[in-house]
Amino acid sequence: MPASENLPVVVARLAKFYGTPKPPSTTDPFELILFENVAYLVTDERREEAFNLLRKTAGTKPHQILAAANNILLKVVDLGGMQPEKRAARLREIALIAMNEFGGDLSEALKLPLPKAKKALQKFPSIGEPSAEKILLFTRSYPVLGLDSNALRVLLRLGFGEEKKNYSASYRSVQEAIKDQLGDDYEWLINAHLLLRHHGKELCKTTRPRCEKCPVRKSCAYYARVRTASGSDRIRRERGKSKATL
Ligand code: SF4
(Lines give C-alpha, C1' and ligand atoms only; values in the text may rest on other atoms or scores of the structure.)
Protein backbone atom coordinates (compact mmCIF):
# COMPACT_ATOMS: atom_id res chain seq x y z
CA MET A 1 0.00 0.00 0.00
CA PRO A 2 1.55 3.37 -0.97
CA ALA A 3 2.03 6.07 1.66
CA SER A 4 -1.18 7.99 2.27
CA GLU A 5 0.53 11.26 3.22
CA ASN A 6 3.44 12.95 1.56
CA LEU A 7 6.88 13.15 3.11
CA PRO A 8 6.74 16.83 4.17
CA VAL A 9 3.55 16.10 6.15
CA VAL A 10 5.17 13.08 7.82
CA VAL A 11 8.31 15.08 8.68
CA ALA A 12 6.21 17.94 10.06
CA ARG A 13 4.34 15.51 12.34
CA LEU A 14 7.61 14.01 13.56
CA ALA A 15 9.05 17.49 14.19
CA LYS A 16 5.98 18.43 16.22
CA PHE A 17 6.26 15.24 18.25
CA TYR A 18 10.03 15.11 18.84
CA GLY A 19 10.98 18.80 18.50
CA THR A 20 13.80 20.21 16.37
CA PRO A 21 16.65 17.71 16.24
CA LYS A 22 20.15 18.53 17.46
CA PRO A 23 22.31 19.47 14.47
CA PRO A 24 25.03 17.05 13.29
CA SER A 25 28.27 17.03 15.35
CA THR A 26 30.26 18.17 12.34
CA THR A 27 29.81 19.28 8.76
CA ASP A 28 33.39 18.59 7.70
CA PRO A 29 33.54 15.70 5.20
CA PHE A 30 36.67 14.08 6.64
CA GLU A 31 35.33 14.36 10.19
CA LEU A 32 32.04 12.81 9.07
CA ILE A 33 33.98 9.82 7.74
CA LEU A 34 35.88 9.55 11.03
CA PHE A 35 32.59 9.87 12.93
CA GLU A 36 31.21 6.82 11.07
CA ASN A 37 34.31 4.79 11.85
CA VAL A 38 35.28 5.84 15.35
CA ALA A 39 32.67 3.58 16.97
CA TYR A 40 30.76 0.41 16.25
CA LEU A 41 27.43 -0.77 17.66
CA VAL A 42 27.32 1.77 20.47
CA THR A 43 24.88 4.51 21.43
CA ASP A 44 24.97 7.89 19.71
CA GLU A 45 26.21 9.42 22.96
CA ARG A 46 29.15 7.00 23.16
CA ARG A 47 30.03 7.61 19.49
CA GLU A 48 30.02 11.33 20.13
CA GLU A 49 32.20 10.86 23.21
CA ALA A 50 34.75 8.83 21.24
CA PHE A 51 34.76 11.38 18.43
CA ASN A 52 35.26 14.30 20.84
CA LEU A 53 38.15 12.45 22.47
CA LEU A 54 39.71 11.94 19.03
CA ARG A 55 39.38 15.67 18.32
CA LYS A 56 40.91 16.57 21.68
CA THR A 57 43.80 14.11 21.74
CA ALA A 58 44.92 13.13 18.23
CA GLY A 59 43.13 15.76 16.12
CA THR A 60 40.89 15.14 13.13
CA LYS A 61 43.06 16.11 10.17
CA PRO A 62 44.51 13.29 8.07
CA HIS A 63 48.13 14.19 8.94
CA GLN A 64 47.25 14.35 12.65
CA ILE A 65 45.73 10.87 12.59
CA LEU A 66 48.80 9.52 10.83
CA ALA A 67 51.12 11.17 13.36
CA ALA A 68 49.10 10.09 16.42
CA ALA A 69 50.64 7.57 18.81
CA ASN A 70 48.95 4.18 18.71
CA ASN A 71 47.98 4.28 22.38
CA ILE A 72 46.08 7.54 21.79
CA LEU A 73 44.07 6.10 18.93
CA LEU A 74 43.46 2.93 20.92
CA LYS A 75 42.11 4.92 23.86
CA VAL A 76 39.70 6.68 21.50
CA VAL A 77 38.39 3.61 19.71
CA ASP A 78 38.22 1.64 22.93
CA LEU A 79 35.46 4.04 23.95
CA GLY A 80 33.74 3.32 20.66
CA GLY A 81 33.05 -0.38 21.15
CA MET A 82 34.50 -3.74 20.18
CA GLN A 83 37.58 -4.62 18.09
CA PRO A 84 39.58 -1.49 19.03
CA GLU A 85 42.80 -2.59 17.26
CA LYS A 86 40.96 -3.12 14.01
CA ARG A 87 39.25 0.25 14.25
CA ALA A 88 42.45 2.11 15.21
CA ALA A 89 44.08 0.66 12.08
CA ARG A 90 41.03 1.74 10.11
CA LEU A 91 41.39 5.35 11.24
CA ARG A 92 44.95 5.32 9.87
CA GLU A 93 43.73 3.70 6.66
CA ILE A 94 41.17 6.50 6.28
CA ALA A 95 43.84 9.14 6.81
CA LEU A 96 46.07 7.42 4.23
CA ILE A 97 43.30 7.33 1.62
CA ALA A 98 42.61 11.03 2.26
CA MET A 99 46.30 11.89 1.81
CA ASN A 100 47.04 9.62 -1.16
CA GLU A 101 43.85 10.05 -3.16
CA PHE A 102 42.66 13.53 -2.18
CA GLY A 103 45.83 15.37 -1.14
CA GLY A 104 44.49 15.56 2.42
CA ASP A 105 41.49 17.70 1.42
CA LEU A 106 38.08 16.33 0.38
CA SER A 107 36.55 19.66 -0.62
CA GLU A 108 37.24 19.18 -4.35
CA ALA A 109 35.68 15.71 -4.32
CA LEU A 110 32.42 17.21 -3.04
CA LYS A 111 32.24 19.44 -6.10
CA LEU A 112 32.34 16.52 -8.55
CA PRO A 113 29.09 15.59 -10.34
CA LEU A 114 26.84 13.69 -7.91
CA PRO A 115 27.58 10.09 -9.03
CA LYS A 116 31.35 10.76 -9.01
CA ALA A 117 31.22 12.57 -5.67
CA LYS A 118 29.41 9.55 -4.18
CA LYS A 119 31.97 7.16 -5.69
CA ALA A 120 34.85 9.24 -4.33
CA LEU A 121 33.45 9.08 -0.80
CA GLN A 122 32.79 5.36 -1.13
CA LYS A 123 36.54 4.80 -1.38
CA PHE A 124 36.61 5.08 2.41
CA PRO A 125 35.83 2.12 4.66
CA SER A 126 32.24 1.84 5.95
CA ILE A 127 31.01 4.45 3.49
CA GLY A 128 28.33 2.97 1.26
CA GLU A 129 25.86 4.92 -0.84
CA PRO A 130 23.62 5.94 2.11
CA SER A 131 26.57 7.32 4.12
CA ALA A 132 28.02 9.04 1.05
CA GLU A 133 24.65 10.74 0.52
CA LYS A 134 24.52 11.74 4.16
CA ILE A 135 27.97 13.35 3.89
CA LEU A 136 26.94 15.22 0.74
CA LEU A 137 23.83 16.43 2.57
CA PHE A 138 25.50 17.44 5.85
CA THR A 139 28.25 19.30 3.97
CA ARG A 140 25.51 20.99 1.92
CA SER A 141 27.10 19.80 -1.29
CA TYR A 142 23.99 18.14 -2.78
CA PRO A 143 20.35 18.25 -1.59
CA VAL A 144 19.99 14.47 -1.29
CA LEU A 145 18.23 12.66 1.53
CA GLY A 146 20.70 10.01 2.67
CA LEU A 147 18.85 7.48 4.81
CA ASP A 148 20.33 5.22 7.44
CA SER A 149 18.77 1.82 8.17
CA ASN A 150 16.40 3.31 10.80
CA ALA A 151 15.06 5.96 8.44
CA LEU A 152 14.75 3.44 5.62
CA ARG A 153 12.69 1.09 7.81
CA VAL A 154 10.36 3.96 8.82
CA LEU A 155 9.76 5.02 5.22
CA LEU A 156 9.18 1.45 4.02
CA ARG A 157 6.64 0.86 6.78
CA LEU A 158 4.88 4.11 6.01
CA GLY A 159 4.53 2.94 2.41
CA PHE A 160 7.28 4.82 0.54
CA GLY A 161 8.79 2.31 -1.87
CA GLU A 162 8.86 -1.43 -1.37
CA GLU A 163 10.93 -3.94 0.52
CA LYS A 164 13.05 -5.76 -2.08
CA LYS A 165 15.34 -8.78 -2.06
CA ASN A 166 18.33 -6.81 -0.85
CA TYR A 167 19.10 -3.62 1.04
CA SER A 168 20.35 -1.58 -1.92
CA ALA A 169 17.28 -2.42 -4.00
CA SER A 170 14.98 -1.41 -1.11
CA TYR A 171 17.00 1.77 -0.65
CA ARG A 172 16.64 2.64 -4.33
CA SER A 173 12.93 1.89 -4.24
CA VAL A 174 12.41 4.32 -1.34
CA GLN A 175 14.57 6.98 -2.98
CA GLU A 176 12.54 6.65 -6.17
CA ALA A 177 9.29 7.00 -4.20
CA ILE A 178 10.35 10.19 -2.40
CA LYS A 179 12.43 11.89 -5.08
CA ASP A 180 9.71 14.34 -6.15
CA GLN A 181 8.95 15.38 -2.57
CA LEU A 182 12.38 16.50 -1.46
CA GLY A 183 13.04 20.00 -2.76
CA ASP A 184 16.42 21.59 -2.17
CA ASP A 185 16.15 23.16 1.27
CA TYR A 186 19.20 21.78 3.12
CA GLU A 187 17.83 22.69 6.54
CA TRP A 188 14.64 20.72 5.89
CA LEU A 189 16.51 17.75 4.40
CA ILE A 190 18.96 17.53 7.31
CA ASN A 191 16.11 17.71 9.82
CA ALA A 192 14.17 15.08 7.84
CA HIS A 193 17.21 12.77 7.91
CA LEU A 194 17.66 13.24 11.67
CA LEU A 195 13.97 12.96 12.56
CA LEU A 196 13.36 9.79 10.51
CA ARG A 197 16.45 8.17 12.06
CA HIS A 198 15.39 9.20 15.54
CA HIS A 199 11.87 7.88 14.99
CA GLY A 200 13.31 4.55 13.82
CA LYS A 201 15.38 4.27 16.98
CA GLU A 202 12.73 5.49 19.43
CA LEU A 203 9.40 4.04 18.32
CA CYS A 204 9.58 2.42 14.90
CA LYS A 205 12.04 -0.19 16.11
CA THR A 206 13.01 -3.24 14.05
CA THR A 207 10.99 -5.57 16.24
CA ARG A 208 7.80 -4.59 18.02
CA PRO A 209 7.39 -1.01 16.80
CA ARG A 210 5.49 1.02 19.38
CA CYS A 211 2.74 2.07 16.98
CA GLU A 212 0.29 2.99 19.74
CA LYS A 213 2.50 6.01 20.56
CA CYS A 214 3.41 6.90 16.97
CA PRO A 215 2.49 10.38 15.69
CA VAL A 216 2.23 9.14 12.08
CA ARG A 217 0.32 5.91 12.60
CA LYS A 218 -2.82 7.19 10.87
CA SER A 219 -0.93 7.36 7.59
CA CYS A 220 1.16 4.22 8.09
CA ALA A 221 0.67 1.29 5.70
CA TYR A 222 2.28 -1.17 8.13
CA TYR A 223 0.01 -0.06 10.97
CA ALA A 224 -3.07 -0.34 8.74
CA ARG A 225 -2.01 -3.88 7.72
CA VAL A 226 -1.34 -4.99 11.28
CA ARG A 227 -4.59 -3.49 12.50
CA THR A 228 -6.57 -5.16 9.70
CA ALA A 229 -4.83 -8.48 10.36
CA SER A 230 -5.54 -8.34 14.09
CA GLY A 231 -9.11 -7.26 13.30
CA SER A 232 -9.55 -10.30 11.02
CA ASP A 233 -8.06 -12.56 13.69
CA ARG A 234 -10.53 -11.18 16.17
CA ILE A 235 -13.41 -11.63 13.72
CA ARG A 236 -12.24 -15.19 12.97
CA ARG A 237 -11.99 -15.93 16.70
CA GLU A 238 -15.43 -14.47 17.31
CA ARG A 239 -16.90 -16.45 14.37
CA GLY A 240 -15.24 -19.60 15.74
CA LYS A 241 -16.74 -18.92 19.18
CA SER A 242 -20.22 -18.33 17.83
CA LYS A 243 -20.08 -21.56 15.73
CA ALA A 244 -19.01 -23.47 18.81
CA THR A 245 -21.93 -22.11 20.80
CA LEU A 246 -24.51 -22.89 18.08
S1 SF4 B 1 2.78 3.33 13.04
FE2 SF4 B 1 4.27 1.86 13.78
S3 SF4 B 1 5.21 1.00 11.96
FE4 SF4 B 1 4.17 2.88 11.35
S5 SF4 B 1 5.73 4.46 11.44
FE6 SF4 B 1 4.68 4.46 13.39
S7 SF4 B 1 5.88 3.11 14.70
FE8 SF4 B 1 6.49 2.73 12.59
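Figured I'd write up the structure that's included with this text.

Cut-offs and rules
Residues numbered from 1 in each chain as written. Predicted model: local features only at pLDDT ≥ 70, side-chain atom pairs only at ≥ 80, totals over all residues. Helix = DSSP H or I, 4+ residues; strand = E, 2+ residues; numbered from the N terminus. Buried ≥ 20, exposed ≤ 12 C-beta atoms within 10 Å, placed from the backbone. Near = placed C-beta within 6 Å. Nonpolar A, V, L, I, M, F, W, Y, C, P; charged D, E, K, R; others polar. Axes fitted to C-alpha atoms, helices over the stretch in contact; angles between N-to-C directions. Left-handed = near helix turned anticlockwise from the far one by under 90°. Contact = placed C-beta atoms within 7 Å.

## Describing the overall build of the protein
Logical step 1: Counting its regular elements, the protein contains 13 helices and zero strands.
Logical step 2: Traced from its N-terminal end to its C-terminal end, the protein shows the element sequence α-α-α-α-α-α-α-α-α-α-α-α-α.
Logical step 3: Considering only C-alpha atoms, the protein reaches an extent of 85 × 35 × 35 Å along its principal axes.
Logical step 4: Expressed as a percentage of its 246 residues, the buried residues of the protein come to 37%.

## Some thoughts on the site of the ligand
Logical step 1: Of all residues adjacent to the ligand, which total 13 residues, the nearest are Cys204, Cys211, Cys214, Arg217 and Cys220.
Logical step 2: Per-element tally for the shell around the ligand: the top contributor is helix α10 (residues 149–158), with three residues.
Logical step 3: Of the residues belonging to the shell around the ligand, the class tally is 11 nonpolar, no polar and two charged.

## Topic: the packing of helix α5 (residues 70–79) against helix α6 (residues 84–102)
Logical step 1: At a minimum axis distance of 9 Å, the contact between α5 and α6 shows a crossing angle of 115°. Judged by the twist between their axes, the crossing of α5 over α6 is right-handed. Mapping the contact onto sequence places Asn70, Leu73, Leu74, Val77 and Asp78 in α5 and Pro84, Arg87, Ala88 and Leu91 in α6.

Distances and angles like these do not, on their own, reveal function.
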